[in-house]
Amino acid sequence: MKIRIFQTITMLIASFALVCFAACDIKPVGKFYKLEEVYEAGQITQEDLQSIADYYNSDKLPAEKLDAKIEKNICQTAAYNENHNIYNTENKKQYTAKDFSVSNFYGVYNGYYVVKVKRQDIDEIYSRREKEIFGVKFYLPSAFAVDKTWIDFIIWKAI
């Protein structure tokens, strides 16, 4: 009788652990790219760069709205990347998609989503700067995180 109770408890604990590990192990559903590498790969054009800059440099955003499922996938990819960040030695928190948000959406170009992603637990300080990418100038207050890293727009594509 005691053996059967012990076996039942062991199975319950193992099942719970399996469910927890499966839920905690976030899988990437996309990949982030730098704007420069997508342009150099020929996936976006000079006109696309100018369009992105036009949105980025103004308060205007595209009329097209980001699909909620795509936004969730982008945030899930951000969580996966942060959890596997070898430079993140201070913070051992396991991030989920809920820890991130897409603060700006600049459009879709050839299947690549141009977004600005924010991690909820980082305070941002805004400063103005200029960045030139292949002859196209980007001006806008960029977020400067308290940990001294720039939070810029990034490019995401489903895998």
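Residues numbered from 1 in each chain as written. Predicted model: local features only at pLDDT ≥ 70, side-chain atom pairs only at ≥ 80, totals over all residues. Heavy atoms only, no water.

K.L.:
Before we move on, can you summarise the overall build of the protein with the specific residues and values?
P.N.:
In terms of regular secondary structure, the protein is built from 4 helices and 7 strands. Looking at the protein as a whole, 35% of its 159 residues qualify as buried. If you take every contact in the protein between residues at least 6 apart in sequence, the share linking residues at least 24 apart comes to 59%. Per element, the accessible surface of the protein, about 10500 Å² overall, is 58% carbon and sulfur. (Helix = DSSP H or I, 4+ residues; strand = E, 2+ residues; numbered from the N terminus. Buried < 20%, exposed > 50% of the residue type's maximum accessible area, 1.4 Å probe, protein only. Contact = heavy atoms within 4.5 Å. Areas by Shrake-Rupley, 256 points an atom, 1.4 Å probe, with all protein chains shown as cover.)

K.L.:
Quick rundown of the side chain of Asp48? Include the residues and the values.
P.N.:
With respect to the helices and strands, Asp48 occurs in helix α3 (residues 46-56). In this structure, Asp48 is buried with no salt-bridge partner, the nearest side chain bearing the opposite charge being Lys157 at 11 Å. Of the polar contacts made by the side chain of Asp48, one reaches the backbone nitrogen of Thr45; its length is 3.0 Å. (Lys, Arg positive; Asp, Glu negative; His and termini not counted. Salt bridge = Lys/Arg side-chain N within 4 Å of Asp/Glu carboxyl O. Polar contact = N/O pair within 3.5 Å; in protein donor to acceptor, adjacent residues only side chain to side chain.)

K.L.:
I'd love a proper account of the pattern of salt bridges, names of residues and values included.
P.N.:
If you walk through the whole model with that rule in mind, you get 1 salt bridge. Of the charged contacts in the structure, one is a salt bridge between Arg119 and Glu82, with a shortest N-O distance of 2.9 Å. Of the two residues, Arg119 sits in strand β3 (residues 112-119) while Glu82 sits in helix α4 (residues 68-83), which places them 37 residues apart along the sequence. Taken individually, Arg119 and Glu82 each receive the classification buried, so the pair is uniform in this respect.

K.L.:
So, α3: which residues are in play, and what are the values?
P.N.:
Among the residues of α3, Asp48, Leu49, Ile52, Ala53 and Tyr56 are the ones counted as buried. Along the axis of α3, the buried positions cluster into a sector of 135 degrees, meaning they face one direction only. (Arc of directions from axis to C-beta.)

K.L.:
Describe the pairing of β3, with residues and values.
P.N.:
Of all 8 residues making up β3, 8 are buried, and the element is well covered by its neighbours. Of the two faces of β3, the one lined by Tyr112, Val114, Lys116 and Lys118 and the one lined by Tyr113, Val115, Val117 and Arg119 are each fully buried. Across 8 bridges, strand β2 (residues 100-109) lies against β3 in antiparallel orientation. Looking across to β3, one finds that Val102 is bridged to Val117. Connecting the antiparallel pair β2 and β3 is a turn made up of 2 residues, with Asn110 showing a positive phi of about 55 degrees. (Pairing = 2+ DSSP bridges.)

K.L.:
Give a detailed account of the environment of Tyr106, specifying residues and quantitative values.
P.N.:
Relative to the helices and strands, Tyr106 resides in strand β2. You can call Tyr106 buried: its relative accessible area is 2%.

K.L.:
Describe the packing of aromatic side chains, naming the residues involved and giving the relevant values.
P.N.:
The geometry of an aromatic ring pair is captured by two quantities: the separation of the ring centres and the angle between the planes. What the rule picks out here adds up to 6 aromatic pairs. Aromatic side chains Tyr56 and Tyr106 sit 5.7 Å apart centroid to centroid with 65 degrees between the ring planes, which places their arrangement in the edge-to-face category. A residue pair is termed long-range when its members are at least 10 positions apart, and Tyr56 in helix α3 and Tyr106 in strand β2 qualify at 50 residues. Since its relative accessible area comes to 6%, Tyr56 is described here as buried. Aromatic rings pair up to connect Phe105, Tyr113 and Trp156 into one cluster. (Phe/Tyr/Trp six-rings, centres within 6.5 Å; stacked < 30°, edge-to-face > 60°.)

K.L.:
Go over unusual backbone geometry, please, and point to the residues and values.
P.N.:
With a phi angle near 55 degrees, Asn110 is a residue other than glycine that sits in the positive phi range. If you trace the backbone, Asn110 turns up in the loop between β2 and β3. Using a relative accessible area of 48% as the deciding quantity, one classes Asn110 as partly exposed.

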